[in-house]
Amino acid sequence: MPDGVRRRSFLGRSAMLGAAALGGPLALTACGGSDSEEQAAGNDYIPGSAALKVEIAPEIDGVPYPEGYVGPRARDLTPFGDGSTEFTMLSQVDPEMDMATNYYSTHLAETTGVNLSYVTVPAGEDGKTKVNAIMAGGDLPHAMMVGQDIFSPSEVSIYGSQGMFLPLDKLIDEYAPHVLDMFEAFPDMRAQYTSPDGRMYGLPSMNDCFHCKSANVRTWINSRWLEGVGAEAPETLEDFTVLMEEFRAYADRPEGSVLVTASAETMPFLVQFFLGSFLEMPELWVRRSGDTIEWSHEEPAFREGIIWLQEQFANGTFDTGMFSSTPEQYQKLGDATGGPKFGIAYGYSTFHFAADNDFTDPDNVARIMVPLAPMEGPGGVRTAQWDHFSYGYPNFVITPDCPDPEQLIRWADYQFELQLTTSMKRGEKGVGWDWATSEQKGIDGRQAIYQVLPAPEELKNQTWREWGPLYQSMDQRHAEALQDSNPSVEPILYAAGKLYEPFATTKETGVPPLVYDMEQSAQLGELETNLENHFTQAMAAFGTGAKDASDDADWEEYLAGAKAIGVETFVQLKQAAYDAQNG
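Engineer: Would you explain the overall build of the protein in this entry?
Structural biologist: A tally of regular secondary structure across the protein gives 21 helices and 14 strands. Against the compact-globule benchmark of 25 Å for 583 residues, the protein has a radius of gyration of 25 Å, which places it among compact chains. For the protein, the spread of C-alpha atoms along the three principal axes comes to 70 × 55 × 40 Å. Summed over its atoms, the accessible surface of the protein is roughly 23000 Å², and 47% of this surface lies on carbon and sulfur atoms. Across the protein, 38 positive and 87 negative side-chain charges occur, with their mean positions spaced 2 Å apart.

In structure tokens form, the structure reads like this:
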């Protein structure tokens, strides 16, 4: 499954913490030991001041690294634990996973010598709810793998400052040479995931995903329809208008199909894609001018884009069904017999608009739909959101009840080695993956490092997806061998990233990831939900004709509604957090 399969809110939900998640001040019920706190030495420790007490493992020979490769290296890891202590570890799981028998779990235990008993929660929102209940109850496991939307950076910072997680800085400096190797290669990472109080409570995993940088606005076009009308993908909105008329008249267009659509959940992303033809939008709500964060909806170009979108709904080019379509209904359009029932559709990846993804079949929707580049608008603007900042997430935390934090930080550190990072996602070497040959090229056209092997259908319970500590630099991700006989979505998404990169919003206009305190988080969580609802309701009103964005009174009503909800407070809170991190 590709990265980012979870829903990504257009207001940046992953960077915030709603009031409901915390449910009030946290009581420090899980602090179990002065020993652990002393070992972590978080109160007055200066990051980087301690010397390593263990050496990085030596590299193994024969790995075909491409020239200039930056990322994890294959190393000769030897066990350091004796298994005498059983640690409890929280992890997400898929329905078919059994952590006690999972290949990667058992392989990791053999490689490290560390004995773990897993506390499991479901992936996604259900898992987050269960973890919040565990935190509130105070009976914490010794460590937790909390990446992939279980905890945001703000949550890790808040829980850490409350004493629920140990500061990891000294542990990393003394016992995590593979992590320090990553910090040396990517020096901004340590600072980015350090909390406002100067401590690192969550060990960050690197997942520098090139295609994810534009994924929030990635939109796809039906290549069969293009071939059917003898057209090329549009370069401008004028081209788009002409093409839509050709699609409308296309004789082989399936009955009941629509021209441009999304689900109700993904509609805002599709809207943002088209708004990028009117103004530079590093995200849907705010952008940065120097060190000032601004709300972009009051700009004339934003309104111009909404008026254009409104016209597309009015003439039937945009499907008004997207205001109510469920993800399942949306996928049925993509999985329809005879080919997808849409000409243009939003999708973080192909899973958004189709449940049946078969990249080996050229007649499958996953191959028929191809990425659509942003188009030039009437003012010459042609941009797409590009995330210049996010290349990881705080993933691994240790709680004060842990009897031996040094062992667990070393356990996490080992997974920043190339073979373990690869096995976490691909399973057993020689079964799910193997080293590439010298003739194989990677996704980016350079020498490949590893190849994915065709897995037997019965091969299950092998991997952890991306839930545990890992080190996936961009070079590591792109070192997967291209194979005509075993295609995957990754080359398609890489090509989409290359298509969007020339039109990327600038780093100077983007707002970097921000960490909020408890009060800020609670306010932002409520504002986020209310502003999101206001925007989607307004788009439905404009799209169905109930309101007219070209009418001054209706437009002022939209702006006034956002201000009444508190968009100015929303911007002020972001500004305060930005100033605190960049002062």
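More follows now that the structure is in view.
Engineer: Would you explain the sheet that holds strand 9 (residues 342-346) in this entry?
Structural biologist: Adjacent strands of a sheet pair through backbone hydrogen bonds, lying either parallel or antiparallel. Read from one edge to the other, the open sheet built from four strands follows the order 6-9-5-10, with strand pairing classed as mixed. In this open sheet, the two strands that pair with only one neighbour each are strand 6 (258-261) and strand 10 (369-372). Strand-to-strand, the axes of this sheet are offset by a mean angle of 25 degrees, without reference to chain direction. Of the pairings in the sheet, the one linking strand 5 (residues 219-222) to strand 9 comprises three bridges and is antiparallel in character. For Ile 221, the partnering residue across the bridge sits in strand 9 and is Ile 344. Helix-sheet contacts for helix 18 (residues 489-500) involve strand 5 and strand 10, and the interaxial angle to strand 10 is about 25 degrees.

Engineer: Before we go on, may I ask you to explain unusual backbone geometry in this structure?
Structural biologist: For residues besides glycine, phi is generally negative; the peptide bonds are generally trans as well. The phi angle at Asn 461 is positive, at roughly 55 degrees, despite the residue not being glycine. Mapping Asn 461 onto the fold places it in the loop between strand 13 (450-452) and strand 14 (471-472). The class of Asn 461 is buried, set by a relative accessible area of 18%.

Engineer: Whenever I open this one, the sheet that holds strand 2 (residues 115-122) confuses me. Can you help?
Structural biologist: Judged by pairing direction, the sheet is mixed, and its six strands sit side by side in the order 2-1-3-11-4-14 without closing on themselves. Pairing within the sheet leaves two strands with one partner each, and these edge strands are strand 2 and strand 14.

Engineer: In this structure, what is going on with helix 5 (residues 153-161)? I would like to understand it.
Structural biologist: Since there are 3.6 residues in each turn of an α-helix, residues three or four apart along the chain are aligned in direction. With seven of nine residues buried, helix 5 lies mostly within the body of the structure. What helix 5 keeps buried is the set Ser 154, Glu 155, Val 156, Ser 157, Ile 158, Tyr 159 and Gly 160. Trailing helix 5 by a residue or two, Gly 163 shows a phi angle of about 90 degrees, which is positive.

Engineer: What is the right way to read the nonpolar core from this model?
Structural biologist: Within soluble globular proteins, side chains that are nonpolar generally end up buried alongside one another. One finds Phe 274, Trp 285 and Phe 318 to be the most contacted residues of the largest nonpolar core, which totals 87 residues. Filtering out sequence-adjacent residues up to four positions away, Phe 318 remains in contact with Phe 240, Val 260, Leu 270, Phe 274, Trp 308, Leu 309, Gln 312 and Phe 313. Counting 49 residues, the second largest nonpolar core, distinct from the first, contains Leu 116, Tyr 118, Leu 171 and Ala 412.

Engineer: Looking at this model, I keep getting lost on the pattern of salt bridges. Mind explaining?
Structural biologist: Side-chain pairs of opposite charge can arise whenever the charged atoms involved come near each other. Tallied over the full model, the rule gives 22 salt bridges. For Lys 460, the salt bridge is made with Glu 96, and the minimal N-O distance between the two is 3.8 Å. With Lys 460 in the loop between strand 13 and strand 14 and Glu 96 in the loop between strand 1 (86-93) and helix 3 (103-112), the pair connects residues that are 364 residues apart, well separated along the chain. Glu 96 sits in the exposed class, given a relative accessible area of 55%. In this structure, Lys 213 and Asp 208 form a salt bridge, with 3.2 Å as the shortest nitrogen-oxygen distance. Taken as a pair, Lys 213 and Asp 208 share a single burial class, namely buried. Each member of the salt-bridge network shares a partner with another, and the members are Lys 425, Glu 466, Arg 477 and Glu 490.

Engineer: Could you clarify how one ought to interpret the confidence of the model for the protein in this entry?
Structural biologist: Low pLDDT marks regions whose predicted coordinates should not be analysed in detail. Overall, the prediction assigns the protein a mean pLDDT of 91, with 92% of residues at 70 or greater. Counted against residues more than four places away or in other chains, residues 1-37, with its pLDDT under 50, gives 105 contacts.

Engineer: What should I look at first to understand the environment of Met 375 in this one?
Structural biologist: Here Met 375 shows up in the loop between strand 10 and strand 11 (392-398). Each C-alpha atom of the pair Met 375 and Phe 240 lies 8.1 Å from the other, and the pair is 135 residues apart in sequence. The residues contacting Met 375, other than those within four sequence positions of it, are Pro 234, Glu 235, Thr 236, Leu 237, Phe 240, Phe 273, Phe 274, Ser 277, Val 381 and Arg 382.

Engineer: For this particular structure, what's the right way to read the pairing of strand 2?
Structural biologist: Bridging between strand 1 and strand 2 involves eight bridges; their strand directions are parallel. Among the inter-strand pairings, Glu 86 is bridged to a residue of strand 2, identified as Asn 115. In terms of handedness, the path from strand 1 via helix 3 over to strand 2 forms a crossover that is right-handed.

Engineer: I'm lost on the state of the cysteines in this one. Help?
Structural biologist: Formally, a disulfide is one covalent bond, and it connects the sulfur atom of one cysteine to the sulfur atom of another. Tallied over the full model, the rule gives one disulfide. Sulfur-sulfur distance for the disulfide between Cys 209 and Cys 212 comes to 2.2 Å. On the S-S bond that ties Cys 209 to Cys 212, the torsion sits near 75 degrees, and the link is right-handed. Note on Cys 209: relative accessible area 3%, which makes it buried.

Engineer: Got a minute to help me understand the packing of aromatic side chains in this structure?
Structural biologist: Aromatic ring pairs are reported here in terms of the distance separating the ring centres and the angle at which the planes meet. For the coordinates displayed, the defined rule picks out 36 aromatic pairs. Ring pairs connect the aromatic residues Phe 240, Phe 273, Phe 274, Phe 278, Trp 308, Phe 313, Phe 318, Phe 323 and Tyr 500, which therefore count as one cluster. Residue placement shows Arg 410 over the ring face of Phe 80; its charged tip is 4.3 Å from the ring centre.

Engineer: Any chance you could explain the side chain of Gln 310 here in plain terms?
Structural biologist: Along the chain, the position of Gln 310 falls in helix 12 (residues 300-314). On the basis of relative accessibility, which here comes to 12%, the residue Gln 310 falls in the buried class.

Engineer: Help me out: how do you make sense of the packing of helix 12 against helix 19 (residues 518-544) in this one?
Structural biologist: To characterise two packed helices, one gives the angle between the axes of the helices and the distance between these axes. Running from N to C, helix 12 and helix 19 cross one another at 50 degrees; their axes reach a closest spacing of 8 Å. Between helix 12 and helix 19, the angle falls in the class oblique. Touching Phe 302, Ile 306, Gln 310 and Phe 313 of helix 12 are Phe 535, Met 539, Phe 542 and Gly 543, all from helix 19. Class assignment of the residues belonging to the contact of helix 12 with helix 19 gives a composition of six nonpolar, two polar and no charged.

Engineer: Whenever I open this one, the packing of helix 19 against helix 20 (residues 552-565) confuses me. Can you help?
Structural biologist: Relative to each other, helix 19 and helix 20 sit at 165 degrees, their axes nearing to 9 Å. By the criterion of interaxial angle, the relationship of helix 19 to helix 20 is roughly antiparallel. Like other packed secondary-structure pairs, helix 19 and helix 20 cross with a definite hand, here right-handed. For the pair helix 19 and helix 20, contact is made by Leu 527, Asn 530, Leu 531, His 534, Phe 535, Ala 538 and Phe 542 and by Trp 555, Tyr 558, Gly 561, Ala 562 and Ile 565, respectively. Here the contact of helix 19 with helix 20 is built from residues that sort into nine nonpolar, three polar and no charged.

Conventions used here
- Residues numbered from 1 in each chain as written.
- Predicted model: local features only at pLDDT ≥ 70, side-chain atom pairs only at ≥ 80, totals over all residues.
- Heavy atoms only, no water.
- Helix = DSSP H or I, 4+ residues; strand = E, 2+ residues; numbered from the N terminus.
- Rg over C-alpha atoms; globule rule 2.2 N^0.38 Å.
- Areas by Shrake-Rupley, 256 points an atom, 1.4 Å probe, with all protein chains shown as cover.
- Lys, Arg positive; Asp, Glu negative; His and termini not counted.
- Charge placed at Lys NZ, Arg CZ, Asp CG, Glu CD.
- Pairing = 2+ DSSP bridges.
- Axes fitted to C-alpha atoms, helices over the stretch in contact; angles between N-to-C directions.
- Contact = heavy atoms within 4.5 Å.
- Buried < 20%, exposed > 50% of the residue type's maximum accessible area, 1.4 Å probe, protein only.
- Core = buried A, V, L, I, M, F, W, Y, C linked by side-chain atoms within 4.5 Å.
- Salt bridge = Lys/Arg side-chain N within 4 Å of Asp/Glu carboxyl O.
- pLDDT = per-residue confidence, 0-100.
- Right-handed = clockwise from strand over helix to strand, strands pointing away.
- Disulfide = S-S within 2.5 Å.
- Phe/Tyr/Trp six-rings, centres within 6.5 Å; stacked < 30°, edge-to-face > 60°.
- Lys NZ or Arg CZ within 6 Å of the ring centre and 35° of its normal.
- Parallel < 35°, antiparallel > 145°, perpendicular 65-115°, else oblique.
- Nonpolar A, V, L, I, M, F, W, Y, C, P; charged D, E, K, R; others polar.
- Left-handed = near helix turned anticlockwise from the far one by under 90°.

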